[in-house]
Amino acid sequence: MTMSFIVFTSAQRLRSVCRLQRIHGHMMSSKAGSEVLFEKVGKAGVITLNRPKALNALTLNMIRHIYPQLKKWDKDSETDIVIIKGAGEKAFCAGGDIRAIVEAGKAGDSLPQVLFREEYILNNTISTYPKPYVALIAGITMGGGVGLSVHGQFRVATEKTLFAMPETGIGLFPDVGGGYFLPRLQGKLGLFLALTGFRLKGRDVQRVGVATHFVQSEKIASLEKDLVDLKSPSISDVAQLLDSYQEQSHLDAEKPFVLQEQTEAIDRLFSAGSVEEIMENLMKDGSAFALKQAETLAKMSPTSLKLTFRQIEEGAKMSLQEVFVMEYRLSQACMNGHDFYEGVRAVLIDKDQSPKWKPSTLAEVSEQFVDKCFSSLGERDLKL
């Protein structure tokens, strides 16, 4: 018997999940019930990130409930497909719970070690998930939200999708496997996105390959119903359904790719052996586009730019699992440094947009320091 699909309001969804909790034990704690919802609709497992006021930012608590639920559905013969989405209109998931990490890091708490470790393990689980995994990435999708979606088989963008990896602006680097998927985008586009934090919207997210499909937001509820109604779907069944929805979505199809006219310039200007060389290329070029990128890079953490450049360079030659091990090392280097705390203060807490980076110039960030950030943590290295 197939359950009919219901489009829930937030209140209805909560009531429904509480009912499921009593009947099936799907929910594992009332705290999880407020931050992430799990529903079985027919043979589909549906995950809803449920912190709309916080743009569904990912917490350690959410990670600790999503991971075992995915493992459970993997083994469950009554679950054929997993769908993940965000509550509210604004975001799929705008990133990790950065404020909590900052507060914990300053207090000497273990959260920064634990959260990055468990988040990357979850990201890796998504990358190897044997059942169709469909992320509906409507709205803001950055940082941790990219980690929950980009490594799965299917990522569906809408005209409301806003993708970026803006971490160099807060003293971090584009993690959650950014070192794997970014260098595999066309030409030097991934390096450009990683260093500048440039934002892609709507259909462009699919054009570059971050999303696998583009579907107009008005069709998403219908798509979700059809996904749920698929009988024992294979990967190709899901692909076929998503393809058919994309073919019906004509919105913005005539609009050219936002960076179409700059693609050649990006490949040329960002082909360099160092961040300093990129800056030289941009200044020498002197075009409005090049100077704008130089201005953007000048605002970023010099340490983050150098770590990110090396991360993208190394990641191009690595497996995804090797990238996660590398990125865990980098995450801990950033947690033990200055710029992450200063970047979050300037951008997210005080919002003065004037971070005081240390070191303040690219020249002061030595190769020896960068090497140290990439070095093994020994027993504390990430194990997948």
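Everything below is about the structure printed above this text.
As a starting point, this report considers the structure included with it. Please read all numbers here as calculations on a predicted model, not as lab measurements.

### Re the sheet that holds strand S4 (residues 91–93)
Pairing between the strands of a sheet is mediated by backbone hydrogen bonds and can be parallel or antiparallel. The four strands are arranged S4-S6-S8-S9 in an open sheet whose pairing can be described as mixed. The open sheet has two edge strands with one neighbour each: S4 and strand S9 (200–201). Where S4 lies against strand S6 (residues 140–142), two bridges are found, and the strand directions are parallel. By the bridge assignment for S6, Cys-93 is matched with Thr-141.

### Topic: the packing of helix H5 (residues 111–127) against helix H16 (residues 320–335)
In contact at an axis separation of 10 Å, H5 and H16 are set at 160° when each is read in the N-to-C sense. Here H5 lies roughly antiparallel to H16, going by the angle between them. H16 is crossed by H5, and the crossing has right-handed handedness. Contacts from Pro-112, Gln-113, Phe-116, Arg-117, Tyr-120, Asn-123, Asn-124 and Ser-127 in H5 reach Leu-320, Gln-321, Phe-324, Glu-327, Tyr-328, Ser-331, Gln-332 and Met-335 in H16. When its residues are assigned to classes, the contact of H5 with H16 shows seven nonpolar, seven polar and two charged.

### Here we look at the sheet that holds strand S1 (residues 36–41)
Across the sheet, six strands lie side by side as S1-S2-S3-S5-S7-S10; this open sheet has mixed pairing. Strands at the two margins of the open sheet, each flanked by one partner only, are S1 and strand S10 (213–214). In the packing of helix H3 (residues 60–75) onto the sheet, the strands contacted are S1, strand S2 (44–49), strand S3 (81–86) and strand S5 (133–137), and the crossing angle to S1 comes to about 20°.

### Quick word on the packing of aromatic side chains
Applying the stated criterion across every chain yields a total of nine aromatic pairs. On the numbers, 6.1 Å between centres and 65° between planes, the contact of Phe-116 with Tyr-120 is edge-to-face. Here the residue Phe-116 and the residue Tyr-120 both occupy positions in helix H5, the gap between them amounting to four residues, near one helical turn. Considered together, Phe-116 and Tyr-120 belong to a single accessibility category, that of buried residues. For the ring pair Phe-340 and Tyr-341, a centre distance of 5.4 Å and an interplane angle of 70° mean the geometry is edge-to-face. Judged by its relative accessible area of 0%, Phe-340 falls in the buried class. Put simply, the rings of Phe-116, Tyr-120, Phe-324 and Tyr-328 touch in pairs and so form one group of aromatic residues. Above the ring of Tyr-180, the side-chain terminus of Arg-184 is found at 3.8 Å from the ring centroid. Here the basic side chain of Arg-310 rests over the ring of Phe-374, its NZ or CZ set 5.1 Å away from the ring centre.

Cut-off values and rules
- Residues numbered from 1 in each chain as written.
- Predicted model: local features only at pLDDT ≥ 70, side-chain atom pairs only at ≥ 80, totals over all residues.
- Heavy atoms only, no water.
- Pairing = 2+ DSSP bridges.
- Helix = DSSP H or I, 4+ residues; strand = E, 2+ residues; numbered from the N terminus.
- Axes fitted to C-alpha atoms, helices over the stretch in contact; angles between N-to-C directions.
- Parallel < 35°, antiparallel > 145°, perpendicular 65-115°, else oblique.
- Left-handed = near helix turned anticlockwise from the far one by under 90°.
- Contact = heavy atoms within 4.5 Å.
- Nonpolar A, V, L, I, M, F, W, Y, C, P; charged D, E, K, R; others polar.
- Phe/Tyr/Trp six-rings, centres within 6.5 Å; stacked < 30°, edge-to-face > 60°.
- Buried < 20%, exposed > 50% of the residue type's maximum accessible area, 1.4 Å probe, protein only.
- Lys NZ or Arg CZ within 6 Å of the ring centre and 35° of its normal.

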